Amino acid sequence: MTAGTPYTGRFAPSPSGPLHAGSLVAAMASYVHARQHQGNWLVRIEDVDETRTQPGAADDILHTLDSLGFEWDSEIIYQSQRKERYAAVLAQLLNSGHAYPCACSRADITIAGTQGDLGWIYPGSCRNGIPGDRTARTIRLRTDDEPVSFYDLITGTQVQRIESEVGDFVLRRADGYTAYQLAVVVDDADQAISHVVRGADLLSSTARQIYLGQLLGLPRPQYAHTPLV
Ligand code: GLU
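What you are looking at is a predicted structure, and each value in this text was computed from that prediction instead of being measured. (Residues numbered from 1 in each chain as written. Predicted model: local features only at pLDDT ≥ 70, side-chain atom pairs only at ≥ 80, totals over all residues. Heavy atoms only, no water.)

Caption draft 1: Spotlight on the packing of aromatic side chains. Considering all chains together, one arrives at four aromatic pairs under this definition. Where Y31 meets F70, the ring centres are 5.1 Å apart and the plane angle is 70 degrees; that geometry is what we call edge-to-face. Residue Y31 is found in helix α1 (residues 21–36), and its partner F70 is found in the loop between α2 (57–67) and β3 (77–78); the two are separated by 39 residues along the sequence. The same class applies to Y31 as to F70, namely buried. Note on W41 and F70: the rings are 5.5 Å apart at their centroids and 25 degrees apart in plane angle, and the pair reads as stacked. Here F70 lies in the loop between α2 and β3 and W41 lies in strand β2 (residues 40–45), a separation of 29 residues in the sequence. Among the residues examined, W41 registers a relative accessible area of 0% and is labelled buried. Chaining the aromatic ring pairs together yields one cluster made of Y31, W41 and F70. Note that R140 overlies the ring of Y122, its terminal NZ or CZ placed 3.8 Å from the centroid. (Phe/Tyr/Trp six-rings, centres within 6.5 Å; stacked < 30°, edge-to-face > 60°. Helix = DSSP H or I, 4+ residues; strand = E, 2+ residues; numbered from the N terminus. Buried < 20%, exposed > 50% of the residue type's maximum accessible area, 1.4 Å probe, protein only. Lys NZ or Arg CZ within 6 Å of the ring centre and 35° of its normal.)

Caption draft 2: Main features of the sheet that holds strand β4 (residues 99–102). Taken together, the three strands give an open sheet; going across it, the order is β4-β7-β10, and neighbouring strands pair in antiparallel fashion. Every other strand in the sheet has two partners, leaving β4 and β10 (169–172) as the edge strands with one partner each. Shown here is a sheet whose adjacent strand axes are inclined to one another by a mean of 45 degrees, direction ignored. Relative to strand β7 (residues 138–141), β4 runs antiparallel, the two sharing four bridges. Looking at β7, one finds that P101 is bridged to I139. Its contacts with the sheet place helix α3 (residues 83–95) against β4, β7 and β10, and it is angled at close to 95 degrees to β4. (Pairing = 2+ DSSP bridges. Axes fitted to C-alpha atoms, helices over the stretch in contact; angles between N-to-C directions. Contact = heavy atoms within 4.5 Å.)

Caption draft 3: Broad picture of the environment of A112. Secondary-structure assignment places A112 in helix α4 (residues 106–112). C-alpha separation for the pair A112 and S67, spaced 45 residues apart in sequence, amounts to 50 Å. Those residues in contact with A112 that lie beyond four places of it in its chain are P123 and S125.

Caption draft 4: Quick look at the pairing of strand β9 (residues 156–161). Of the pairings in the sheet, the one linking strand β8 (residues 147–152) to β9 comprises six bridges and is antiparallel in character. Counted as the bridge partner of F150 is Q158 from β9. Turn length for the β8-β9 hairpin, with the two strands adjacent in sequence and antiparallel, is three residues.

Caption draft 5: Expanded view of the site of the ligand. Around the ligand sit R10, A12, P13, S14, E46, Y180, V184, R198 and L202, and those are all the residues in its vicinity. In the model, a nitrogen atom of the ligand is placed 2.8 Å from a nitrogen or oxygen of the S14 side chain. In the complex, the protein chains occlude 80% of the 300 Å² of accessible area that the ligand would expose alone. Partitioned by chemical class, the residues of the shell around the ligand number five nonpolar, one polar and three charged. (Near = heavy atom within 4 Å. Polar contact = N/O pair within 3.5 Å; in protein donor to acceptor, adjacent residues only side chain to side chain. Areas by Shrake-Rupley, 256 points an atom, 1.4 Å probe, with all protein chains shown as cover. Nonpolar A, V, L, I, M, F, W, Y, C, P; charged D, E, K, R; others polar.)

Following this line, the structure appears as structure tokens:
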């Protein structure tokens, strides 16, 4: 480990099964890039969605990484143990009016919303309050349509208008679990991650993460999205 280096990278697998080839590419790319820059490299277990966690999968992934010779530089963090932290950030976003409760189910959104390239676009139905006698299911982040642009080290300049391409997105799910988008932003900041090297399946989530990080006043990491296997 190199103390005090400005580079900190990470690999953040979800323990929904053993390490698969796609994840291994992300692990390799983030590891090699970190070491090439004399950086630190961390592993974070993204078990925020406990409905998808397979018992034993986290240990299995760590064992595989270890047996392949990967060496991580500090203690592994588990998202399932950070619920209080996520709740505090969510409370902050609710208090500032950036987040709001939403009563819509998926079915409501398919009726009122439109379908975009990234799925159904939330039409903002509960933005100004939950109508009538309905009750809150999720908490969403209020977005705007200013283009969010960033330079990705592999795929180049990317631009997304979140409000019209994605819509206000979920921060706390209907089942009470923190959404990945919130957990990943908080964790990357708390672990002082300077470089996020991961698979291109997450390229379309990056603008949302940058937007949320900006609202929270967090530093923006450099991103690199590797081609999918
Ligand atoms: N946990 C995510 C996955 O395994 C990766 C999240 C990230 O790298 O930001 O697909």
